[in-house]
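Residues per chain, in single letters:
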Amino acid sequence: MGVQGLLPALKPITDRCHLDTLRGQTVAVDAYSWLHKATYASSASLFHSLPCTGHIDYCMGRVRGLLHHDIRVILVFDGGHLPGKAGRELERREAREKARMQAHQLLALGKLKEASAFVNKAIDVTPEMAKQWIDRVKQMNDARIEVIVAPYEADAQMAYLERIGRVSAVLSEDSDLLVFGVRRLCCKLDPRTGYFETVRGGWEGAVRELFGGLSADPTCAALDKLRQLAALAGCDYVTQGVAGVGLKTAQRYLMKYGTMSRVVQVWRAEGRSIPDSFLEDCYKAVLCFAHQIVYCPEKQECVHCTPIDEHSESIILGELSWLCASPGDLGFLGAVLEKDVIIGIANGQLHPETKQPFAVIQCEEKENTRVPVVNSTSAMHVKKRAIA
């Protein structure tokens, strides 16, 4: 989802560019962001678990659009659930279930138009959908397209691919990519015109715009400042934020007081309601942005997005030690998977959550026969018959 308010705050350094500027380069694509958009094309069938390919057709059309501009593509998919994001994942799952119940209730009353919005909210993009798309890509047998399923989050995986020089840009709608350290983020791509927006200077441009430079700081300390801002303002790794605090407020306090612990101390003194785990969650968020587990396609093994020893330990790990019961436990960054397992996941052969082959999972689903669901206006009649 990104850090709310970050891209609008960076509007003064945002440029409009065309896909032709990426010609001949390799770009990492946030595959799930396209899948989320694509579900609207098949929402009714997906809601009722009916066979459909409209969402995959949409995604393949977007891929062909990049190939048309002579851009090599690495499709990067989300993998398993990151332990450091468990609270947010639970929130989203509960929201989808609530939307599903509301959709069923409205459909039962024959209120198809009102049900449509809830049907869209109830649809979850799953590894099975990703597998459909991956299989379609492999059928193309086109060397210009690669696929990588991350062990955990695609954002960290794409930032790592840029960091090691495998891609020269990242295509996503998620502003978090800047906080992960991406230098060239391409967002708001219009597939009809080929135009997109990019933040001039990437994360470094963001730091200069929001903090007035920090040019004297080491690279990792400057990037940490952006990550601390994201954590204080509210990001996906911090389940419960501080009421009334957004990007501008967090920015103002962080610039004045320098560290997250000092900012939280001041907020408490001002009478703000601070969740018990807020500061610990903020420090863990900074570490998730910097060091979560990703897949290295060169070594074909799990590595940290950036090595722990490259981090400003005095800024983060030192202060984290008194916050955590077990300061040495960094399990929230993800587990290092066995080599054959991570290779299977990365290639789309193993389910990233169960670590089993997809063929086995699909057989189990057939045997269990799940009850289907639906969404779009075009398929509302299908939905009505299914309920009847």
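That block above? That's the structure.
Treat the numbers as computed from the prediction; the structure is a model and nothing was measured. (Residues numbered from 1 in each chain as written. Predicted model: local features only at pLDDT ≥ 70, side-chain atom pairs only at ≥ 80, totals over all residues. Heavy atoms only, no water.)

Below, the discussion takes up the overall build of the protein. Within the protein, the regular secondary structure consists of 18 helices and nine strands. Sequence separation of at least 24 residues holds for 71% of the intrachain contacts in the protein that already meet a minimum separation of 6. Summed over its atoms, the accessible surface of the protein is roughly 17,800 Å², and 51% of this surface lies on carbon and sulfur atoms. (Helix = DSSP H or I, 4+ residues; strand = E, 2+ residues; numbered from the N terminus. Contact = heavy atoms within 4.5 Å. Areas by Shrake-Rupley, 256 points an atom, 1.4 Å probe, with all protein chains shown as cover.)

This part takes up the packing of helix 5 (residues 86–108) against helix 6 (residues 112–122). What describes two packed helices is the angle between their axes and the distance between those same axes. Where helix 5 meets helix 6, the closest approach of the two axes is 8 Å, and the angle between their N-to-C directions is 160°. Judged by the inter-axis angle, helix 5 sits roughly antiparallel to helix 6. Helix 5 and helix 6 meet at a crossing whose hand is left-handed. Residues R96, A99, R100, Q102, A103, L106 and L107 of helix 5 lie in contact with helix 6, whose contacting residues are L112, E114, A115, F118, V119, K121 and A122. (Axes fitted to C-alpha atoms, helices over the stretch in contact; angles between N-to-C directions. Parallel < 35°, antiparallel > 145°, perpendicular 65-115°, else oblique. Left-handed = near helix turned anticlockwise from the far one by under 90°.)

For the pair helix 4 (residues 54–68) and helix 7 (residues 127–140), interaxial distance at closest approach is 10 Å and the crossing angle is 45°. On the basis of their axis angle, the class for helix 4 and helix 7 is oblique. Considering only the axes of helix 4 and helix 7, their crossing is right-handed. In this structure, helix 4 uses H55, I56, D57, C59, M60, V63 and L67 to contact helix 7, whose residues at the interface are M129, Q132, W133, R136, V137 and M140. A class-by-class count of the residues in the contact of helix 4 with helix 7 yields nine nonpolar, two polar and two charged. (Nonpolar A, V, L, I, M, F, W, Y, C, P; charged D, E, K, R; others polar.)

Turning our attention to the nonpolar core. By size, the foremost hydrophobic cluster in this structure holds 116 residues, and its most contacted members are L75, F77, W133 and L232. For this core, the leading source of residues is helix 14 (residues 278–291), giving nine residues. In contact with W133, other than residues within four places in its own chain, are A31, W34, L35, I56, C59, M60, V63, L75 and F77. Listed in part, the nine residues of the second largest apolar core include A103, A115, V119 and A122. (Core = buried A, V, L, I, M, F, W, Y, C linked by side-chain atoms within 4.5 Å. Buried < 20%, exposed > 50% of the residue type's maximum accessible area, 1.4 Å probe, protein only.)

Another point: helix 2 (residues 31–38). Along helix 2, six of the eight residues are buried, which leaves the element largely enclosed by surrounding structure. For helix 2, every residue scored as buried is listed here: A31, Y32, S33, W34, L35 and A38. Where helix 2 is buried, its residues contact strand 2 (26–30), helix 4, strand 3 (72–77), helix 7 and strand 5 (169–171).

The next point concerns unusual backbone geometry. Residue D70 is not a glycine yet carries a positive backbone phi of 60°. The backbone phi angle of N141 is positive, close to 55°, even though this residue is not glycine. Tracing the sequence through the fold places N141 in the loop between helix 7 and strand 4 (145–149). By relative accessible area, which is 70% here, N141 ends up exposed.

With that out of the way, let us pick up the sheet that holds strand 3. In space, the seven strands of this open sheet follow the order 1-7-6-5-2-3-4, with mixed pairing throughout. Looking at strand neighbours, the two that pair on one side only are strand 1 (14–18) and strand 4, the edges of this open sheet. If you compare each strand with its neighbour and ignore which way they point, the axes differ by 30° on average. (Pairing = 2+ DSSP bridges.)

On to the packing of aromatic side chains, then. Applying the stated criterion across every chain, the model contains eight aromatic pairs. With centroids separated by 5.3 Å and ring planes inclined at 80°, the aromatic side chains of F77 and W133 adopt a geometry described as edge-to-face. A residue pair is termed long-range when its members are at least 10 positions apart, and F77 in strand 3 and W133 in helix 7 qualify at 56 residues. W133 shares its class with F77; the two are buried. Ring centres 5.0 Å apart and planes at 80° place the aromatic pair Y237 and F289 in the edge-to-face group. Here F289 lies in helix 14 and Y237 lies in the loop between helix 11 (219–233) and helix 12 (247–257), a separation of 52 residues in the sequence. Among the residues examined, Y237 registers a relative accessible area of 6% and is labelled buried. Assessed through its relative accessible area of 0%, F289 is described here as buried. Here the aromatic residues Y32, W34, F77 and W133 are joined through ring pairs into a cluster of three or more. (Phe/Tyr/Trp six-rings, centres within 6.5 Å; stacked < 30°, edge-to-face > 60°.)

What follows deals with the side chain of E162. Note that E162 resides in helix 8 (residues 154–163). Non-local contacts of E162, meaning those with residues more than four positions away in its chain, are made with V167, S168, G181, V182, R183 and R184.

Moving on, we get to the environment of A285. Mapping A285 onto the fold places it in helix 14. A C-alpha to C-alpha distance of 9.9 Å links A285 and G234, two positions 51 residues apart in sequence. Ignoring any residue separated from it by four or fewer positions in sequence, one finds A285 in contact with A231, C235, Y237 and V238.

A few words now on the pairing of strand 3. In terms of residue burial, strand 3 counts as a mostly covered element, since five of its six residues are buried. Relative to strand 4, strand 3 runs parallel, the two sharing five bridges. Bridge assignment links V73 to a residue of strand 4, and that residue is I145.

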